Amino acid sequence: MHSRITALTAVAGCQLVESVYPPDLILPPHAHDITNVSIVLSGTIEEESARGKIVAGPGCVVFKPAGTEHCNRIGSNGAVLFALRLDPRWRDIAARIATYLWCSQDGIARALLRLYAFARAAADAPQAHVDEGVMRWLFQFTQYSDPTPMRSTPSWLTALQQRLHLQADQTT
């Protein structure tokens, strides 16, 4: 088993996806045909590309242009990632993701986590509410031009993870 992928919702041609990876999974070199932005929600993922190798944990965000070849090794506790996969119609936004990059821009991470919360609640929320969340994130993303590398997990992210896990436990 590679991963369990859940398409949470689709908005304006963008897919909001949650991927759950089992412990110690190794994914050989591959590339995706669509530009995406992902955030590590839990666990760790080691990713190697032509730009080098990085070990990313909770709160790390990756900007990955379509066609970026990379390979992955999932940590011993597995990993959960949330991704916004950009439809080719979003050329202007995708053009800003011209470089493969892992970062920790606080505003980008927070906005992506808000988008994740919208996506998880999409089944119970009016589509217009979800559309607004995606559009707000895309707008906020365009406001950042200099993402910076992640140094440590921010305390607000730890608190949010605990709330999300509590909500998930209450719904099951």
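Residues numbered from 1 in each chain as written. Predicted model: local features only at pLDDT ≥ 70, side-chain atom pairs only at ≥ 80, totals over all residues. Heavy atoms only, no water.

**Focus: the pattern of salt bridges**
Part 1 of the argument: All chains considered together, the criterion is met by two salt bridges.
Part 2 of the argument: A salt bridge links Lys-53 to Glu-46, with the nearest nitrogen and oxygen atoms 3.8 Å apart.
Part 3 of the argument: On the accessibility criterion, Lys-53 (54% relative accessible area) is exposed.
Part 4 of the argument: Looking at Glu-46, the relative accessible area reads 23%, which means it is partly exposed.
Part 5 of the argument: Where Glu-47 meets Lys-64, a salt bridge forms, and the shortest distance between an N and an O atom there is 3.0 Å. Of this pair, Glu-47 sits in strand S4 (residues 36-49) while Lys-64 sits in strand S6 (residues 61-64), placing them 17 residues apart in sequence.
Part 6 of the argument: Given a relative accessible area of 7%, Lys-64 falls into the buried group. (Salt bridge = Lys/Arg side-chain N within 4 Å of Asp/Glu carboxyl O. Buried < 20%, exposed > 50% of the residue type's maximum accessible area, 1.4 Å probe, protein only. Helix = DSSP H or I, 4+ residues; strand = E, 2+ residues; numbered from the N terminus.)

**Overview of unusual backbone geometry**
Part 1 of the argument: Even without a glycine there, the phi angle at Asp-24 is positive, about 60 degrees.
Part 2 of the argument: Within the element layout of this structure, Asp-24 appears in the loop between strand S2 (14-21) and strand S3 (26-30).

**Some points on the pairing of strand S5 (residues 52-56)**
Part 1 of the argument: Sheet analysis places S4 next to S5, joined by five bridges and oriented antiparallel. Considered in S5, the bridge of Ser-49 is made with Gly-52.
Part 2 of the argument: The turn joining S4 and S5, which pair antiparallel and follow one another in sequence, is formed by two residues. (Pairing = 2+ DSSP bridges.)

**A few points about the nonpolar core**
Part 1 of the argument: Membership of the largest hydrophobic core comes to 19 residues, with the highest contact counts inside it found for Ile-39, Leu-41, Val-61, Phe-82 and Leu-112.
Part 2 of the argument: The set of elements that each furnish at least two residues to this core consists of S2, S4, S6, strand S7 (70-85) and helix H2 (106-120).
Part 3 of the argument: At seven residues, H2 tops the list of elements feeding residues into this core.
Part 4 of the argument: Counting 13 residues, the second-largest nonpolar core is a separate cluster that includes Leu-25, Val-40, Ala-79 and Tyr-100. (Core = buried A, V, L, I, M, F, W, Y, C linked by side-chain atoms within 4.5 Å.)

**Points about the environment of Glu-46**
Part 1 of the argument: Within the fold, Glu-46 resides in strand S4.
Part 2 of the argument: With residues up to four places along the chain from it excluded, the contact list for Glu-46 reads Lys-53, Ile-54, Val-55, Cys-71, Asn-72 and Arg-73. (Contact = heavy atoms within 4.5 Å.)

**Focus: the environment of Leu-101**
Part 1 of the argument: Position of Leu-101 among the secondary structure elements: in strand S8 (residues 101-103).
Part 2 of the argument: Judged by its relative accessible area of 28%, Leu-101 is partly exposed.
Part 3 of the argument: In sequence terms Leu-101 and Pro-65 are 36 residues apart; their C-alpha atoms lie 9.2 Å from each other.

**Here we look at the pairing of S7**
Part 1 of the argument: Strand direction decides the pairing type here: S2 and S7, joined by seven bridges, are antiparallel. Note on S7: the bridge partner recorded for Gln-15 is Arg-85.
Part 2 of the argument: Two elements, S3 and S7, share three bridges in a ladder whose sense is antiparallel. Bridge assignment links Leu-27 to a residue of S7, and that residue is Asn-72.
Part 3 of the argument: As judged from the 12 bridges shared by S4 and S7, these two strands associate in the antiparallel manner.

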